[in-house]
Amino acid sequence: MTGSLYIHIPFCLSKCNYCDFNSIPFKQQLADRYIHALITEIKNQSKDAPLINTVYIGGGTPTILDPSQIQKIIQKIRQNYNISDDAEISIEANPGTLDRTKLESFIISGINRISIGAQSFIDDELAFMGRRHTALIIDISVSYAREAGFTNISLDLIYGLPKQKVQQWKDNIAKAILLKPDHISTYELTVENGTPLAHDIINGKYTMPDEDDISEMYYCGIDALSAAGYIQYEISNFAKPGYECRHNINYWNRGEYIGVGSGAHSFCSGVRRSNTRDIKKYCELIETSSDAYEDQEIIDEKGALKEIIFLGLRKCEGIDLSVLPNEVSEKIKKAASDLVRSSLVCFEDERMKLTQKGFILSSEVIVRVLSGIE
Ligand code: SF4
């Protein structure tokens, strides 16, 4: 059995105005206490762990930590888990928290992939989002990462900002391509309840772009990236051949994974668990007991089928119906028949996939497939 390991670092330089991730502005004392708890949980969770093929240190902004803390985390992982020789070991990074020494120390620790939250190459857009870096700092961070020895670099970009024009998004994609990353993720901005952005939208300070502009941004992103040799392998993810993110592919394939840290999720032996999101409570729980679980769900057959559909349809290769029981695959085909007529879903051999039109409406399409199998 093989699987993945996710480590959550919930600290950032400051909070971006659209963010509802589990992260807070960095506080040294709390971060030190948290890393101590994290190291304990890494060991506690290792019992019966599968062979680990991918490790992802995410956040938050893991690169806000001192490199010696990252080294300690990796060391603890290596001491307690079987890590495959060709494991993908990623770290999530934000421009403005990287320097040469840090990046070199990540390479020495065995980290072999870096995912940089660029988000935009337009300084006004970065400022609007509450990001702490400028476009120039992204360029510098990518150069430093290459110089330090990273041969697998990913950039994240966000489109669909209020007031953003299609041309601005095209410029962002073109700038990203010029930096020659090995992987690019493009995410549509979503307005999450309770964020400062949501507040400004509700109060009429900003309006989101209309659906036609969003579709145009999505499709022109695909066109530009594919012309530059990036293969789309998931709704929002594009890679040079061989640079697909193995960690995320494991999630979409319903592979097993262990999540460590506040708010981290795990999926092992058909059970999904999540740790408390509250950082102080997380520390207290790990300091006084063996885990910090807050929720647990045993996934039955029906639940597993739903997951196969909503995770599998995210991938461009779709779902392989031939591995499912015949009556189940027939049920799915029946549920999707209207969507095929509307060109939102297609079948290729025994695979069911979303079309490009289906990708832009993926949430609605997936809900319709799921309601068809109820
Ligand atoms: S850097 Fe990422 S995780 Fe941190 S506040 Fe901004 S969007 Fe949220």
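Residues numbered from 1 in each chain as written. Predicted model: local features only at pLDDT ≥ 70, side-chain atom pairs only at ≥ 80, totals over all residues. Heavy atoms only, no water.

### Let's talk about the nonpolar core
Note the following rule: Buried Ala, Val, Leu, Ile, Met, Phe, Trp, Tyr and Cys residues form a nonpolar core when they are joined through side-chain atoms within 4.5 Å. The cut-offs for exposure are 20% and 50% of the maximum accessible area for each residue type, with area from a 1.4 Å probe on protein chains only; residues under the lower value are buried, those over the upper are exposed, and the others partly exposed. Boundary definitions for the domains trace back to an automatic or database domain assignment. Here, two residues are considered to be in contact whenever any of their heavy atoms come within 4.5 Å of each other.
Grouped together as the largest cluster of nonpolar side chains are 87 residues, with contacts concentrated most on Ile7, Leu38, Ile73 and Ile114. Shared between two domains, this core takes at least three residues from each, and those domains are domain 1 (2-251) and domain 2 (301-372). The residues contacting isoleucine 114, other than those within four sequence positions of it, are Ile91, Ala93, Leu98, Leu103, Ala145, Phe150, Asn152, Ile153 and Ser154. Ranked by size, the runner-up nonpolar core spans 11 residues in total, among them Cys16, Phe128, Met129 and Ile158.

### A short note on the packing of helix H1 (residues 28-44) against helix H10 (residues 279-288)
How we decide: Note on geometry: axes are C-alpha line fits, over the in-contact stretch for helices, and angles between N-to-C directions span 0 to 180 degrees. What counts as a helix is a DSSP run of H or I of at least four residues, what counts as a strand is a run of E of at least two, and both are numbered from the N terminus. When describing relative orientation, an angle under 35 degrees is termed roughly parallel and one over 145 degrees roughly antiparallel, while 65 to 115 degrees is termed roughly perpendicular and anything else oblique. In this scheme, a crossing is called left-handed if the near helix is turned counterclockwise away from the far one by less than a right angle; it is called right-handed if the turn is clockwise. Amino acid classes used here: Ala, Val, Leu, Ile, Met, Phe, Trp, Tyr, Cys and Pro are nonpolar; Asp, Glu, Lys and Arg are charged; the rest, including Gly, are polar.
Between H1 and H10, whose axes approach to 9 Å, the crossing angle comes to 45 degrees. One element, H1, and the other, H10, form an angle in the oblique class. Helix-helix and strand crossings are classified by hand; for H1 and H10 the assignment is left-handed. Only Ile279, Lys280, Tyr282, Cys283, Glu284, Ile286 and Glu287 of H10 make contact with H1, whose side of the interface consists of Leu30, Arg33, Tyr34, Ala37, Leu38, Thr40 and Glu41. Here the residues of the contact of H1 with H10 are counted per class, giving eight nonpolar, one polar and five charged.

### Looking at the domain arrangement of the chain
What counts is decided by this rule: In this description, buried area is defined as the sum, over both parts, of the accessible area (probe of 1.4 Å) that is lost when the two are combined. Salt bridges are defined by distance alone: a side-chain nitrogen of Lys or Arg within 4 Å of a carboxyl oxygen of Asp or Glu.
Its domain assignment divides the chain into domain 1 (2-251) and domain 2 (301-372). The distance between the C-alpha centroids of domain 1 and domain 2 comes to 28 Å. The interface of domain 1 with domain 2 comprises 11 residues on the first partner and nine residues on the second. Buried surface at the junction of domain 1 and domain 2, both sides included, amounts to about 910 Å², of which 59% is carbon and sulfur. Broken down residue by residue, the surface that domain 1 buries against domain 2 is led by Tyr219, Glu234 and Ile235, which jointly contribute 49%. One can count one salt bridge joining domain 1 with domain 2. Note that arginine 314 is salt-bridged to glutamate 234, the shortest N-O span being 2.6 Å.

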